[in-house]
Amino acid sequence: MGGTIGVDSVMGQGSTFWVVLPLSLQEGTTVGIQTDPSLADVRVCAAIGHPATGRLLTQYLSHWGITSKVAGSGAEFLEQVMTELATEGSRVIALVDETVTDMTDTDLLQALGSEATLGKAKIVRLVSFIKRAEVEQDPMFGQMHFITKPLRYNTLHQTLVNVLTGQPVASQPTHAISTAPTLSGHVLLGEDNPVNQEIALLMLQTLGCTVTVAQNGRDVLDHAKQSSHDLILMDCQMPEMDGFEATRLDS
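Rules of the game
- Residues numbered from 1 in each chain as written.
- Predicted model: local features only at pLDDT ≥ 70, side-chain atom pairs only at ≥ 80, totals over all residues.
- Heavy atoms only, no water.
- Helix = DSSP H or I, 4+ residues; strand = E, 2+ residues; numbered from the N terminus.
- Expected span 1.5 Å × (residues − 1).
- Buried < 20%, exposed > 50% of the residue type's maximum accessible area, 1.4 Å probe, protein only.
- Arc of directions from axis to C-beta.
- Contact = heavy atoms within 4.5 Å.
- Phe/Tyr/Trp six-rings, centres within 6.5 Å; stacked < 30°, edge-to-face > 60°.

Q: Would you take a moment to explain helix 2 (residues 74-85) for this structure?
A: Residues spaced three or four apart along an α-helix point in a common direction, a consequence of the helix completing one turn every 3.6 residues. With 12 residues, helix 2 should reach 16 Å at 1.5 Å per residue; the first-to-last C-alpha distance of 17 Å fits that figure. Looking at helix 2, one finds that the buried residues are Gly74, Phe77, Leu78, Gln80, Val81 and Glu84. Mapping the buried residues of helix 2 onto a view down its axis gives an arc of 160°, with all of them on the same face. Close packing links the buried residues of helix 2 with strand 3 (42-47), strand 4 (67-71), strand 5 (91-97) and helix 3 (105-114).

Given below as C-alpha coordinates:
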(Lines give C-alpha, C1' and ligand atoms only; values in the text may rest on other atoms or scores of the structure.)
Protein backbone atom coordinates (compact mmCIF):
# COMPACT_ATOMS: atom_id res chain seq x y z
CA MET A 1 0.00 0.00 0.00
CA GLY A 2 3.05 2.25 0.00
CA GLY A 3 2.81 3.15 3.68
CA THR A 4 5.20 3.06 6.60
CA ILE A 5 5.04 1.56 10.08
CA GLY A 6 7.29 2.15 13.05
CA VAL A 7 7.68 2.35 16.80
CA ASP A 8 9.13 4.93 19.20
CA SER A 9 10.21 3.37 22.49
CA VAL A 10 11.68 4.88 25.65
CA MET A 11 13.01 2.63 28.40
CA GLY A 12 10.86 2.87 31.51
CA GLN A 13 8.18 5.02 29.81
CA GLY A 14 6.61 2.85 27.12
CA SER A 15 6.27 2.52 23.37
CA THR A 16 4.24 4.27 20.69
CA PHE A 17 3.44 2.31 17.54
CA TRP A 18 2.45 4.28 14.44
CA VAL A 19 1.39 3.67 10.86
CA VAL A 20 1.06 6.06 7.91
CA LEU A 21 -1.00 5.18 4.82
CA PRO A 22 -1.18 7.52 1.77
CA LEU A 23 -4.87 7.32 0.89
CA SER A 24 -6.47 9.57 -1.70
CA LEU A 25 -9.90 11.14 -1.20
CA GLN A 26 -12.73 9.77 -3.30
CA GLU A 27 -14.78 12.27 -5.25
CA GLY A 28 -18.38 12.83 -4.26
CA THR A 29 -18.04 11.29 -0.78
CA THR A 30 -18.15 14.50 1.27
CA VAL A 31 -20.80 14.24 3.97
CA GLY A 32 -22.60 17.48 4.66
CA ILE A 33 -24.48 18.62 7.74
CA GLN A 34 -27.69 16.65 8.23
CA THR A 35 -30.00 19.06 10.01
CA ASP A 36 -32.78 17.69 12.18
CA PRO A 37 -35.67 20.06 13.13
CA SER A 38 -35.99 18.38 16.52
CA LEU A 39 -32.38 19.33 17.31
CA ALA A 40 -32.63 22.97 16.21
CA ASP A 41 -31.09 25.54 18.58
CA VAL A 42 -29.61 22.78 20.74
CA ARG A 43 -26.30 23.29 22.52
CA VAL A 44 -24.44 20.43 24.19
CA CYS A 45 -22.05 20.84 27.11
CA ALA A 46 -20.11 17.68 27.93
CA ALA A 47 -17.94 16.70 30.89
CA ILE A 48 -15.58 14.08 29.44
CA GLY A 49 -12.16 13.14 30.76
CA HIS A 50 -11.04 11.02 27.79
CA PRO A 51 -9.89 13.18 24.83
CA ALA A 52 -10.76 10.56 22.18
CA THR A 53 -14.35 10.33 23.41
CA GLY A 54 -14.60 14.11 23.40
CA ARG A 55 -13.37 14.33 19.81
CA LEU A 56 -15.80 11.65 18.65
CA LEU A 57 -18.70 13.40 20.37
CA THR A 58 -17.80 16.72 18.77
CA GLN A 59 -17.60 15.09 15.35
CA TYR A 60 -21.03 13.49 15.68
CA LEU A 61 -22.69 16.66 16.97
CA SER A 62 -21.17 18.85 14.26
CA HIS A 63 -22.64 16.50 11.66
CA TRP A 64 -26.09 17.52 12.91
CA GLY A 65 -25.17 21.20 13.15
CA ILE A 66 -25.10 21.19 16.96
CA THR A 67 -22.82 23.56 18.85
CA SER A 68 -20.86 21.72 21.55
CA LYS A 69 -18.37 22.43 24.30
CA VAL A 70 -16.30 19.67 25.91
CA ALA A 71 -14.75 20.17 29.34
CA GLY A 72 -12.21 17.94 31.06
CA SER A 73 -12.99 19.23 34.56
CA GLY A 74 -16.22 19.54 36.49
CA ALA A 75 -15.73 23.22 37.32
CA GLU A 76 -15.22 24.13 33.67
CA PHE A 77 -18.23 22.04 32.66
CA LEU A 78 -20.60 23.70 35.14
CA GLU A 79 -19.43 27.13 34.02
CA GLN A 80 -20.07 26.21 30.38
CA VAL A 81 -23.58 24.98 31.19
CA MET A 82 -24.35 28.22 33.01
CA THR A 83 -23.06 30.29 30.07
CA GLU A 84 -25.05 28.36 27.47
CA LEU A 85 -28.25 28.57 29.54
CA ALA A 86 -27.88 32.34 29.49
CA THR A 87 -27.98 32.32 25.67
CA GLU A 88 -31.43 33.38 24.56
CA GLY A 89 -33.48 30.88 22.59
CA SER A 90 -31.18 27.90 23.07
CA ARG A 91 -31.89 24.49 24.57
CA VAL A 92 -29.03 23.00 26.57
CA ILE A 93 -28.16 19.35 27.07
CA ALA A 94 -25.59 18.49 29.75
CA LEU A 95 -23.78 15.25 28.93
CA VAL A 96 -21.99 13.77 31.94
CA ASP A 97 -19.32 11.09 31.60
CA GLU A 98 -18.06 8.90 34.45
CA THR A 99 -14.57 10.37 34.47
CA VAL A 100 -13.47 13.99 34.83
CA THR A 101 -10.40 15.30 36.61
CA ASP A 102 -11.82 17.00 39.71
CA MET A 103 -15.33 15.63 40.32
CA THR A 104 -17.23 12.35 40.06
CA ASP A 105 -20.26 11.98 37.83
CA THR A 106 -22.42 11.83 40.97
CA ASP A 107 -20.98 15.17 42.14
CA LEU A 108 -21.80 16.74 38.78
CA LEU A 109 -25.34 15.36 38.72
CA GLN A 110 -25.96 16.66 42.23
CA ALA A 111 -24.59 20.08 41.27
CA LEU A 112 -26.86 20.24 38.22
CA GLY A 113 -29.87 19.30 40.35
CA SER A 114 -29.18 21.58 43.31
CA GLU A 115 -28.76 24.84 41.38
CA ALA A 116 -32.03 26.32 40.09
CA THR A 117 -30.45 27.84 37.00
CA LEU A 118 -28.44 24.72 36.11
CA GLY A 119 -31.54 22.59 36.63
CA LYS A 120 -33.00 23.91 33.36
CA ALA A 121 -30.51 21.84 31.36
CA LYS A 122 -31.53 18.41 30.10
CA ILE A 123 -29.17 15.70 31.35
CA VAL A 124 -27.74 12.66 29.56
CA ARG A 125 -25.28 10.29 31.22
CA LEU A 126 -22.47 8.46 29.44
CA VAL A 127 -21.75 5.16 31.20
CA SER A 128 -19.61 2.07 30.68
CA PHE A 129 -21.22 -1.28 29.92
CA ILE A 130 -20.26 -2.82 33.26
CA LYS A 131 -22.00 0.00 35.16
CA ARG A 132 -25.18 0.08 33.06
CA ALA A 133 -27.23 -2.07 35.44
CA GLU A 134 -26.01 -0.01 38.39
CA VAL A 135 -27.07 3.20 36.65
CA GLU A 136 -30.52 1.84 35.75
CA GLN A 137 -31.14 0.86 39.40
CA ASP A 138 -29.78 4.09 40.88
CA PRO A 139 -32.58 5.33 43.22
CA MET A 140 -31.58 8.98 42.77
CA PHE A 141 -30.50 9.27 39.11
CA GLY A 142 -31.90 6.07 37.61
CA GLN A 143 -34.60 7.86 35.61
CA MET A 144 -32.13 9.97 33.63
CA HIS A 145 -31.40 9.24 29.97
CA PHE A 146 -28.07 7.53 29.44
CA ILE A 147 -25.86 6.23 26.65
CA THR A 148 -23.71 3.13 26.99
CA LYS A 149 -20.12 3.45 25.81
CA PRO A 150 -18.62 3.14 23.29
CA LEU A 151 -20.38 6.15 21.82
CA ARG A 152 -22.45 5.23 18.76
CA TYR A 153 -23.76 7.63 16.13
CA ASN A 154 -27.39 6.46 15.91
CA THR A 155 -27.73 5.86 19.65
CA LEU A 156 -26.50 9.36 20.46
CA HIS A 157 -28.89 10.93 17.94
CA GLN A 158 -31.92 9.00 19.21
CA THR A 159 -31.10 9.74 22.86
CA LEU A 160 -30.82 13.48 22.18
CA VAL A 161 -34.19 13.42 20.41
CA ASN A 162 -35.76 11.42 23.25
CA VAL A 163 -34.54 13.74 25.99
CA LEU A 164 -35.71 16.85 24.12
CA THR A 165 -39.14 15.45 23.28
CA GLY A 166 -39.75 14.10 26.77
CA GLN A 167 -39.73 10.42 25.85
CA PRO A 168 -39.51 8.02 28.82
CA VAL A 169 -36.18 6.46 29.68
CA ALA A 170 -35.86 3.06 28.04
CA SER A 171 -33.30 0.38 28.77
CA GLN A 172 -30.84 0.16 25.88
CA PRO A 173 -30.90 -3.23 24.17
CA THR A 174 -28.02 -5.61 24.47
CA HIS A 175 -26.71 -7.13 21.28
CA ALA A 176 -27.05 -10.77 22.30
CA ILE A 177 -26.32 -13.43 19.72
CA SER A 178 -29.36 -15.72 19.63
CA THR A 179 -27.49 -18.50 17.85
CA ALA A 180 -24.68 -18.65 20.42
CA PRO A 181 -24.57 -21.76 22.63
CA THR A 182 -25.99 -21.23 26.12
CA LEU A 183 -23.58 -21.82 28.98
CA SER A 184 -24.25 -21.83 32.69
CA GLY A 185 -20.78 -21.85 34.24
CA HIS A 186 -19.13 -19.36 36.58
CA VAL A 187 -15.96 -17.76 35.21
CA LEU A 188 -13.20 -16.08 37.20
CA LEU A 189 -11.68 -13.39 34.98
CA GLY A 190 -8.19 -12.11 35.83
CA GLU A 191 -7.73 -8.87 33.89
CA ASP A 192 -6.50 -5.42 34.94
CA ASN A 193 -7.35 -3.44 31.79
CA PRO A 194 -10.84 -1.81 32.06
CA VAL A 195 -11.50 -2.00 28.31
CA ASN A 196 -10.61 -5.68 28.15
CA GLN A 197 -12.77 -6.28 31.22
CA GLU A 198 -15.80 -4.74 29.49
CA ILE A 199 -15.31 -6.75 26.30
CA ALA A 200 -14.75 -10.04 28.14
CA LEU A 201 -17.75 -9.43 30.40
CA LEU A 202 -20.01 -8.72 27.42
CA MET A 203 -18.88 -11.85 25.56
CA LEU A 204 -19.09 -14.17 28.57
CA GLN A 205 -22.45 -12.84 29.78
CA THR A 206 -23.83 -13.11 26.24
CA LEU A 207 -22.92 -16.81 26.36
CA GLY A 208 -24.81 -17.14 29.64
CA CYS A 209 -21.89 -17.21 32.09
CA THR A 210 -21.69 -15.44 35.41
CA VAL A 211 -18.40 -13.63 35.90
CA THR A 212 -16.22 -12.52 38.81
CA VAL A 213 -13.51 -9.99 37.92
CA ALA A 214 -10.10 -10.00 39.61
CA GLN A 215 -7.69 -7.10 39.06
CA ASN A 216 -4.43 -9.08 39.30
CA GLY A 217 -2.97 -12.52 39.92
CA ARG A 218 -3.08 -12.14 43.69
CA ASP A 219 -6.80 -11.34 43.53
CA VAL A 220 -7.31 -14.40 41.32
CA LEU A 221 -5.71 -16.65 43.96
CA ASP A 222 -7.81 -15.10 46.73
CA HIS A 223 -11.05 -15.64 44.79
CA ALA A 224 -10.02 -19.18 43.83
CA LYS A 225 -9.50 -20.06 47.51
CA GLN A 226 -12.79 -18.53 48.64
CA SER A 227 -15.12 -20.13 46.08
CA SER A 228 -15.15 -22.60 43.21
CA HIS A 229 -15.18 -21.64 39.54
CA ASP A 230 -15.82 -23.64 36.40
CA LEU A 231 -13.18 -21.73 34.44
CA ILE A 232 -10.40 -19.24 35.13
CA LEU A 233 -9.44 -16.83 32.34
CA MET A 234 -6.29 -14.93 33.21
CA ASP A 235 -4.16 -12.29 31.54
CA CYS A 236 -0.40 -12.85 31.47
CA GLN A 237 0.71 -9.33 32.39
CA MET A 238 -0.93 -7.83 35.49
CA PRO A 239 0.27 -5.67 38.38
CA GLU A 240 1.44 -7.14 41.72
CA MET A 241 1.35 -10.70 40.37
CA ASP A 242 1.19 -11.76 36.72
CA GLY A 243 -0.74 -14.66 35.26
CA PHE A 244 2.28 -16.95 34.99
CA GLU A 245 3.15 -16.74 38.68
CA ALA A 246 -0.50 -17.04 39.72
CA THR A 247 -0.87 -20.19 37.61
CA ARG A 248 2.23 -21.78 39.16
CA LEU A 249 1.04 -21.01 42.70
CA ASP A 250 -2.51 -22.18 42.01
CA SER A 251 -1.34 -25.48 40.55
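Having seen the structure, we can now continue with the description.
Q: Is there a simple way to think about the packing of aromatic side chains in this case?
A: The geometry of an aromatic ring pair is captured by two quantities: the separation of the ring centres and the angle between the planes. In the structure shown here, the tally under the stated rule is two aromatic pairs. Here the aromatic rings of Tyr60 and Tyr153 are separated by 5.3 Å at their centres, their planes lie at 90°, and the arrangement is edge-to-face. Of this pair, Tyr60 sits in helix 1 (residues 51-63) while Tyr153 sits in helix 5 (residues 153-165), placing them 93 residues apart in sequence. Taking relative accessible area as the criterion, Tyr60 reaches 15% and is therefore assigned buried. On the basis of relative accessible area, Tyr153 is assigned to the partly exposed category, the value being 26%. Put simply, the rings of Tyr60, Trp64 and Tyr153 touch in pairs and so form one group of aromatic residues.

Q: Is there a simple way to explain unusual backbone geometry in this structure?
A: What you tend to see is this: most non-glycine residues have negative phi, and most peptide bonds are trans. The amide bond that connects Lys149 to the next residue, Pro150, takes the cis arrangement and shows omega of 5°. As for its position among the elements, Pro150 is in the loop between strand 7 (145-148) and helix 5. Phi at Asp41 is positive, roughly 60°, even though this residue is not glycine. Here Asp41 is to be found in the loop between strand 2 (14-20) and strand 3. Assessed through its relative accessible area of 56%, Asp41 is described here as exposed. Backbone geometry places Glu240, a non-glycine residue, at a positive phi of 70°. As for its position among the elements, Glu240 is in the loop between strand 10 (231-234) and helix 8 (243-250).

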